[in-house]
Structure formats: structure tokens, C-alpha cells
Amino acid sequence: MRPARREGVPITILLLSAALLLPAGSGNAADPGARGEANRAPAALPQKLALLHGKVVTVTKGIHIGGAVLLSEGRIEKVIPDPGPDFRPEGYEVIDATGLWVLPGFVDLHSHIGGSDINDMVYPVNPGLRVLDNIIPDNPLLRKAQAGGVTTILFIPGSGTNMSGFGALMKTGGKTLEEVLIRFPGALKIAQGGNPERRGGDLGLGRMGMNWLIRNALLEGKKYTEAWDAYEAKKTGKPPEMNPRLEYFRGLFHREYPVVVHTQGYQLVHATLRILHDELGLWVVIDHGEFDGGELAAEAAKRGVMVMNGPRQFRFDGEWGAFVGLARRWYDGGVKDVGVNTDAGVIPGEELFYQAAMAIRFGLDEEVALRGITINGAKAVGIEKRVGSIEEGKDADIVLWTGSPFDVRNHVILTIVNGRTVYDTRREPRRF
Amino acid sequence: MLSFLRYRELSLLLVLSLFTSSAGAEDRQLCAFRAAKIVVAPGKSVEPGFLIIDGSRVDAVIAASEAVPAGAKVTDLGDVVITPGFVSPITTVSEGTFRGGRGALPSSPAGGPGDSRSLIALSRVRAEDTVHRRLGRTGYTAFGWLPDASGFIAGQASVLRPRTGKEKTPSDLSVKESAYLFASFEMGKRWREAVEGELRKAADIVVKEEEAKKKEEEARKAAAEKPAEKKADEAKPGEKKPDEKKPANPPAAPAAKPAPPDALSDAFRGQRRLILRVRSQAAIDHLLRILDGLPKKPRMVLVLPSLPPETVQKLLERRDIIEGVILAPGLDTASETSVLVPAARLFAEGGFDVAFTPLADSIAGHASIPLHLAEMVKAGMSPGTVLAAVTTVPARYLGLEGKVGSLEKGASASFAVHDGDVLGGSARLLAVYVEGIQVFSDDAATSRVAGEAVK
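Residues numbered from 1 in each chain as written. Chains lettered and ligands numbered in written order. Predicted model: local features only at pLDDT ≥ 70, side-chain atom pairs only at ≥ 80, totals over all residues. Heavy atoms only, no water.

1. Some points on the overall build of chain A
Then step 1. Within chain A, the regular secondary structure consists of twelve helices and 18 strands.
Then step 2. Surface exposure of chain A reaches about 16,500 Å², of which carbon and sulfur atoms provide 54%. (Helix = DSSP H or I, 4+ residues; strand = E, 2+ residues; numbered from the N terminus. Areas by Shrake-Rupley, 256 points an atom, 1.4 Å probe, with all protein chains shown as cover.)

Written out as C-alpha cells, the structure is:
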């Protein structure tokens, strides 16, 4: 048997990475800032907007026909269920939403459109890689996603390797990295089967090999985390050597951010639950979860593991001779906060609402589907206090639609991200 | 959303399935289904109404306020929409690895690789195939089916319907054995030469036939107009013999031998529809040049890719050879800054009949069609035109106008039941009936087919 490839990092890269990770003025490599950016408040913006007379679908606090939503400094300042027809707040630019639906921006937790090149496949596991270095704000695919009402994505590396790196939570609107970034790391990306199969002769062609590679890397990361924890708790005198390849595991094992897992089918979903959740104690989000993965819905629900189903929204069950709605299957099995994704650009990011419409067509309740592309995704990755619904204090990510997004003949009129208009069909050609 | 009605609807559907699944063609039983809306054909609907079926055929669609025929079993489906089952002009989803269309068939007069004009698709249907059962779950109830459309003359498509469980032989799936001849035009040199050669041959055969027929007709006319003439060797005594150098009346032209049966020549005779797939703009230009050089042109339906407006305009000017078009529904979004008007809409606005194939020729592609139909409405096509593209227009291309794709009197009782507007994209498919037999019903409780799966 050929020996496994040695996973070492040249010294020059170590030094360079250490320099990049150290925040200015900080001499301590264990500073939280060194492991990544914490939740960032949106940049303050001068636009004050009042969206009036529309059908305000808050997702979490009911529907207000003729309601008003006031935006200020990049936040939702106020939601007024029944302001009356003559309501005109002073100092606000008024947008008349009569006849339109006012929804929160959608959240897509499986997206590859935030920047460039999403796979580096020399090594089968790559915990040191990060999309932070790849983000391209305001790129054409993000601009298209805005036209589909998507305002937040989890931009993750691809599934070319079992552990492809750390993704970032970001907005689809914004011109600079600072404007778009919500949180880095957003999540670790793991792919447990299918795409990452190594066909060049090294370990990882089969499921045993792939899961070993994942476990091995995570156990190494766990050991690294425990060593730093012991040092920080003053149980040891000398700090461990900083390893940029393992550094982000510390936040992972502290459950500051989750692992999102490209996993589907009974076998792989079972391995996800058993290894990542039960054995390693991680905060796990199942992405895809297709084919017969939904047979483990009760197990996932028991563990509080959330599921973002897609892009396949149905499969043909040969035994029963029927189409099975996959999101519906998860929901029926107990995952009541099921979500839906696109795997953009496998499915274009702007078609997230199509995905939800398909989930509805194959049996998911409409209200669940709406939550599935808004608050459920936000909750799955811990940013529900910022996005995913129209509530006072949350980010001003609002989208105006011609009607229900689940009648896909409707389209977006206006997309606002962080309180700034990024797409307006009253002034520019439609992008979708 | 209709979730509060779902259980009631579905329990009614379950009851219904007990009635109709046992109703074969031999048990003529009038069944009247009440629905909130019944789409009889694009642009023609009744709301609310009764769909009355008599065995395997539609008997009538009447307003709910009218009396149903005496003796009809009435079922109120609730707040649902009934539409004709969708019709696919070309479906090649097949079991296993069909390779029809490759290699010469012994009975093919043309022979040669890629020319299977004598192949009738029905001959490739096997009793154990499950694909036609699966397709019944998608809302489609008729398909112009080919096992393999990759040869340059791929064969004659058969119109199949989904399996109902009542079939005894594969032929029982057939609605029409030979619907049209399918061919493809590609830009590879050998391909171009092969297609051009066969088109020219077929055109020449038909032109010669017509000329021979014309001569025959002229000779017959001439013989009927003039009195019988004396034969040259029967001159009476005393009469000068006619100049022996004078030629005798030319012999009548021999009766034209009928050409051997040839599906491609039939297309030039106007006896069979030719559906020709063209994959690129360059191929379209080349094809038009070839056709313009033929002594006779077939009328054909073109299967086209996404095209820019100027190419659409070029084709709109060729009504002399183009009967209609088949496209996949999809928004052309090549530009990041604007939604281009899709070719389908331009063709429809230009007066061409447009039929849609599923975006992907797979079970999933067929199941996803409502989403893409909704997209086309979003892109500006009228709902009636979009619905026609999956019902009456493909029915016509298959030679089954009035028989499938609509719920007019006498049409096949093949229809789909939805919980909302099918053109919205998210309406659930609740049930599918083929010739009066339920082949699919959605079970709300378990997302699986209630009762026994249809074999």
C-alpha cells in the first residue's frame, strides 16, 4: 500500500500565515481575532427608507397587510403593522409598496458564488484553506442572486475534497470585503462522499478511507484545541506551537461556528451524525441530505441537527412508484426547521425561490418553505439575530416582490442589503 | 395554500381510485369529476365545472350549475384544477442502454450507420420497462417516444402513454405506432454530407414520381380527348401507306413504379411529418442553403436550441418549409444585466406554433416542467400559448389533434389534477389519469402512493 501523502506545510507559508493571522498590535496568537472575525455590525449608511403599504411578510411575527417597514443606518428600525394610509414618516425616502410583497432577504447556506476557485485538491483534507482569500464582492453571480431575492449566503469551498476549508457568511450586496462579510469562519465544509472520491491512487477512494481522513483531521484538530484550552486555562506553562492549518478548529470545537456537511444517502448521513455529532461533539448542519438521507430524519431531529435540503427536491421511489418530496420527508420525520439550498451555481443562486417552489410542489407546506429559505438557514449557522426575518434591530435586508415568490411567475422589484438598494428594476433592466 | 383542504381532497381521490382503477374500457361507466376549474384546452376553461368521462374518453365538460347525466358517479374533488395531461413531442428517456438508430437494419432500404428510417420506436418497448410507469407520475400522459435520437435519421417516433397496469403487451402502450420521422442536422462534414445526400435523394424520388404522374395524367387526358386513331399497319386498300418514316404514335409512358416505402420520401410527399433537430446557428444557415437547393422541399418541424432574435427572424420568414418549432423552455440569461426575450416568445409572437420539450430529457425533467412553464409566462409568453406548448401543439405534431392534449369531447380521458394553477410552478400534482384510469395519486400522509403501486 502506498504511504499516505505527508500533510506538512512549508515553513515560509507558516510564517506568512502567522503574520496574516496576527491582528495589528496583538502579540498573542491565541487572541480570538487571530482565529477569525466575530459577527460584524454592518457599516453605517445614511439611507433612511420607508417601505409603505405593502404586504409585509415578517416570517416570524406574522403578516401585515398595508404595513410599514422603516430602515435606518443599515438596520430595520421599525415595523408598523397598521400605520394607516396617510402615514408619512419624516426624513425617510418613501417607497410605495402598494400591491407588492415585502419579504426578508433569503438565506442560502450552500453557495459557491461568493468568489473564485472553490477547490484545491492536492490534499484530501484542507482545514487551512479559507474562502476569505477568494471573496469577490459584487461579482456578476452575486448580482444575479440579488435579483432572486437572496441577500445572505454561506460561501463555501467545493466538495472536491473531504474537507475543503472554511467558508464565510456574507451578503450578496456590498462593494468591499468589509461591507459583505458577516462572519469568517462561517463554517467548516466537509464532503463525505461522491465528489471527493480520490481516483489518483491515494487513500480516499472509498467511504472507509474518506471517513478516516475526516476523523483523523478532526481528531488532530481536537487535540490541538485541547492543548490551547489547557494553556489558556493556565494548566500548562508553555503555549502550543501555532499551526495555521489547525487554528480554525479551535472555534469549531468551541462551537463558535458549525460544520456544514455535503452528505446524502442513508449511509453517509448516518456517518455524519455518528462521527461529527456524536463522537466529536460538533455543531453540525446537513447540506443536501438527498436520496434516502431523509430516512434518518428522526435521528437528526433528536440531535438537533438542522438540514438544508437541495438542490434535488425529489426522488423517484422505485419501491412505491412515486415521487418523494425530499424536504417534506425531512419535515415529516421530525426536522421541523428544514431548509432549502441551491448549491449555487449548480442551480443558479437566483433560483433559490424556485427550489422552495419545487419543495412545495412535492409536498412541503408553504409556510415551512418560506422559513426554509429565510430564518431556518440563519438559525442553522447562528446569525438569526441579524438576518432571516423582518424584525426590529435586524439587518435591513429587504426584498420587494410582485407577489408570492412561490408563484415563480413573480419577480423581484427591489433588493435592499444592509439598508442600501442594490437592485432596482424601476431604474435598471431586470436581471432575472 | 390549500393544506386545510388537502386531506379532504385526497380522501376523495382515494375513494375515486377505488372506482376508476377498476374501470377498464370494457366497463363503460360515466364518471363526473367536479373541480374548481377545468382547463379543456388552452384558452378554454370552465370554472367550476364537471369533467364527465365515459370509460376511456371524455364525454363532456360542463359548468357545475348544469345537471350531470343520469347515472353518472359524481365525485367532488374540491378546490383543484384539472388540466389535460401534458404531451411531450420528443422523449427519449428509456430503460437500460437502448441503441436504436445505430447501424443498418436489414429492412432499411437506405442502410448505413445512423440511418434508421425504418425503425419504429414501439419495437423497442419491452414488457418489463418501468420508465413509462414513472413518466406517468410527472403529469405527462402522452409522449412522442424514441429510444435514441442520436443517429442522423433516428427513426419513427411512436406515441406512447404511461402504463396503467392493464397492458398485456408492450403494444398496448401505443397511442400511435408511427407519428413522425426524426432526424438531426449537425455541422460535422460527414454528417452534413449524409443528411444532404439523403434529403436530395428523397426529393429526387418524389420529384420523379410527380413528373411521371404528371406525364401519365397528360397522356390519359390526351387519349380521352382524341378519337382512337388507326394503327399505321392497318391502312385500307387504295390508301397510301403512311410514310413509313413517319413515326408512329409514341407509346404511352409506362406507369410509374411505386417507390419502395421510405419514411423520408413520405415527408416530401406530405404524408409524414419530419421533425429535424438542428443544434446551432451555423447548422441552421447551412440547412437552409441545402433546402433552398432542393427541387422539392419538405415541410418540417424544427427542434431548436436557444437562438438570438436575428436568427429567429430568419426562420420566421421561412414558413414555406417550417411548420412549427420545438424548444426547451428556458430563460436566456446570457447577459448579466438584462433578461433576454427567449426565442420561444419571439417565435410565438411571430405566428409560429411552439411546442416545449422538458428542459432535461429525464424523469426529473418531465416532473419539473411546471417550473419552467411558469418561467416562460414570467418571460412574457401568454399563459394560453405556454399551456398550448405542452398540450395541443405537440398533439398536432404527433398527428393526434383532438385526441390528446385537450379535454374536448371524444378526446382521451387523460388528465392531471393540481392543487392550484399549474403555471405558478409550485402547484402540487395530486393525481394523474390515463384513459380514465388513475396512474398516480399523491398521498399526503406518507408522501407515497396510497395502496398498491401500479405495476
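2. Some details on the packing of helix α10 (residues 352–361) of chain A against helix α9 (residues 369–378) of chain B
Then step 1. Where α10(A) meets α9(B), the closest approach of the two axes is 11 Å, and the angle between their N-to-C directions is 135 degrees. Accordingly, the angle class assigned to the pair α10(A) and α9(B) is oblique. Relative to α9(B), α10(A) is oriented so that their crossing is right-handed. In this structure, α10(A) contributes A:F353, A:Y354, A:A357, A:M358 and A:R361 to the contact, and α9(B) contributes B:P370, B:L371, B:E375 and B:K378.
Then step 2. When the residues that make up the contact of α10(A) with α9(B) are grouped by side-chain class, the tally is six nonpolar, no polar and three charged. (Axes fitted to C-alpha atoms, helices over the stretch in contact; angles between N-to-C directions. Parallel < 35°, antiparallel > 145°, perpendicular 65-115°, else oblique. Left-handed = near helix turned anticlockwise from the far one by under 90°. Contact = heavy atoms within 4.5 Å. Nonpolar A, V, L, I, M, F, W, Y, C, P; charged D, E, K, R; others polar.)

3. Description of the packing of aromatic side chains
Residue and element names in this part refer to chain A.
Then step 1. Going through the model one piece at a time under the given rule, you end up with 22 aromatic pairs over all chains.
Then step 2. Judged by centre distance (4.9 Å) and plane angle (70 degrees), the rings of F353 and Y354 are edge-to-face.
Then step 3. The buried category is assigned to F353, whose relative accessible area is 1%.
Then step 4. On the numbers, 4.8 Å between centres and 75 degrees between planes, the contact of F353 with W401 is edge-to-face. On the criterion of sequence distance, the pair formed by F353 in helix α10 and W401 in strand β16 (residues 398–401) is long-range, its members being 48 residues apart.
Then step 5. One aromatic cluster is present, formed by F166, F184, Y248, F249, F253 and Y257 through successive ring pairs.
Then step 6. Over the ring of Y331 we find K336, and its NZ or CZ is 4.1 Å from the ring centre. (Phe/Tyr/Trp six-rings, centres within 6.5 Å; stacked < 30°, edge-to-face > 60°. Buried < 20%, exposed > 50% of the residue type's maximum accessible area, 1.4 Å probe, protein only. Lys NZ or Arg CZ within 6 Å of the ring centre and 35° of its normal.)

4. Side note on the confidence of the model for chain A
Then step 1. For chain A, per-residue confidence averages 88 on the pLDDT scale, and 88% of positions sit at 70 or higher.
Then step 2. For residues 1–40 of chain A, every residue scores under 50 in pLDDT, and the model assigns this stretch 59 contacts once sequence neighbours within four places are set aside. (pLDDT = per-residue confidence, 0-100.)

5. Observations concerning unusual backbone geometry
For residues other than glycine, phi is negative in most cases, and the peptide bonds are mostly trans.
Then step 1. Note the cis peptide between A:A344 and A:G345, where omega equals -5 degrees.
Then step 2. Tracing the chain through its elements places A:G345 in the loop between β15 (339–340) and α10.
Then step 3. Here the amide bond leading from B:E47 into B:P48 is cis, since omega sits at -15 degrees, within 30 degrees of zero.
Then step 4. With respect to the helices and strands, B:P48 occurs in the loop between β3 (44–46) and β4 (49–54).
Then step 5. The backbone of A:K234 sits at a positive phi, close to 60 degrees, despite the residue not being glycine.
Then step 6. If you trace the backbone, A:K234 turns up in the loop between α5 (207–232) and α6 (249–253).
Then step 7. Positive phi values are uncommon outside glycine, yet A:F291 reaches one of about 55 degrees.
Then step 8. Relative to the assigned elements, A:F291 resides in the loop between β11 (284–288) and α8 (297–303).

6. Some details on α10(A)
Residues and elements named next belong to chain A.
Then step 1. Burial runs high along α10: ten of the ten residues are buried.
Then step 2. L352, F353, Y354, Q355, A356, A357, M358, A359, I360 and R361 are the residues of α10 that are buried.
Then step 3. Residue G363 follows α10 closely and has a positive phi angle near 115 degrees.

7. Some points on the pairing of strand β9 (residues 181–191) of chain A
All names here are of chain A.
Then step 1. Within β9, eleven of the eleven residues are buried, leaving the element largely enclosed by the surrounding structure.
Then step 2. As defined by bridge partners, strand β8 (residues 163–171) adjoins β9 across six bridges and the pair is classed as antiparallel. Looking across to β9, one finds that M170 is bridged to L181.
Then step 3. Summarising the sheet, β9 and strand β10 (residues 259–263) pair through four bridges and their orientation is parallel. Bridge pairing in β10 places L188 opposite V259. (Pairing = 2+ DSSP bridges.)

8. Description of the nonpolar core
Then step 1. A:L218, A:L276, B:L304, B:F347 and B:F356 are the most contacted members of the largest nonpolar core, which totals 181 residues.
Then step 2. Of the residues forming this core, the biggest block, eight residues, is contributed by α10(A).
Then step 3. Not counting residues up to four positions away in its chain, the partners in contact with B:F347 are B:L304, B:L307, B:V312, B:L315, B:L316, B:V325, B:L327, B:F352 and B:V354. (Core = buried A, V, L, I, M, F, W, Y, C linked by side-chain atoms within 4.5 Å.)

9. Brief notes about the environment of B:V81
All names here are of chain B.
Then step 1. Structurally, V81 can be placed in strand β7 (residues 81–84).
Then step 2. In this structure, the C-alpha to C-alpha distance between V81 and K215, residues 134 residues apart in sequence, is 58 Å.
Then step 3. Not counting residues within four places of it along the chain, the set of residues in contact with V81 comprises K37, V39, A416, V417, H418, G420 and D421.

10. Topic: the sheet that holds strand β2 (residues 37–41) of chain B
All names here are of chain B.
Then step 1. Spatial strand order, β3-β2-β7-β16-β17-β18: six strands in an open sheet with mixed pairing. Looking along the sheet, the strands with just one partner apiece sit at the ends: β3 and β18 (437–441). The mean inter-strand angle of the sheet, taken between neighbouring strand axes irrespective of direction, is 20 degrees.
Then step 2. When β2 meets β7, the two strands line up parallel, connected through two bridges. For K37, the partnering residue across the bridge sits in β7 and is V81.

11. Some points on the packing of α5(A) against helix α7 (residues 265–279) of chain A
All names here are of chain A.
Then step 1. Contact geometry of α5 with α7 gives a least axis separation of 12 Å together with a crossing angle of 15 degrees. Taken together, the axes of α5 and α7 are roughly parallel relative to one another. Considering how the two elements wind past one another, α5 and α7 form a crossing that is right-handed. Residue-level contacts link R207, N211, I214, R215, L218, L219 and K222 of α5 to Q267, L268, A271, I275, L276 and E279 of α7.

12. Digging into the sheet that holds strand β12 (residues 306–309) of chain A
Residues and elements named next belong to chain A.
Then step 1. Pairing is mixed in the open sheet, where eight strands are placed in the order β6-β7-β8-β9-β10-β11-β12-β15. Two strands lie at the open edges of the sheet, namely β6 (106–111) and β15, each paired on one side alone.
Then step 2. Contacts between α7 and the sheet are confined to β9, β10 and β11, with β11 contributing the most and set at about 165 degrees to the helix.

13. Quick look at the environment of B:A388
Residue and element names in this part refer to chain B.
Then step 1. Position of A388 relative to the elements: it lies in helix α10 (residues 383–388).
Then step 2. Spatially, the C-alpha atom of A388 lies 21 Å from that of L315, the residues being 73 residues apart in sequence.
Then step 3. With sequence-adjacent residues up to four places away left out, A388 is seen in contact with P42, V393 and P394.

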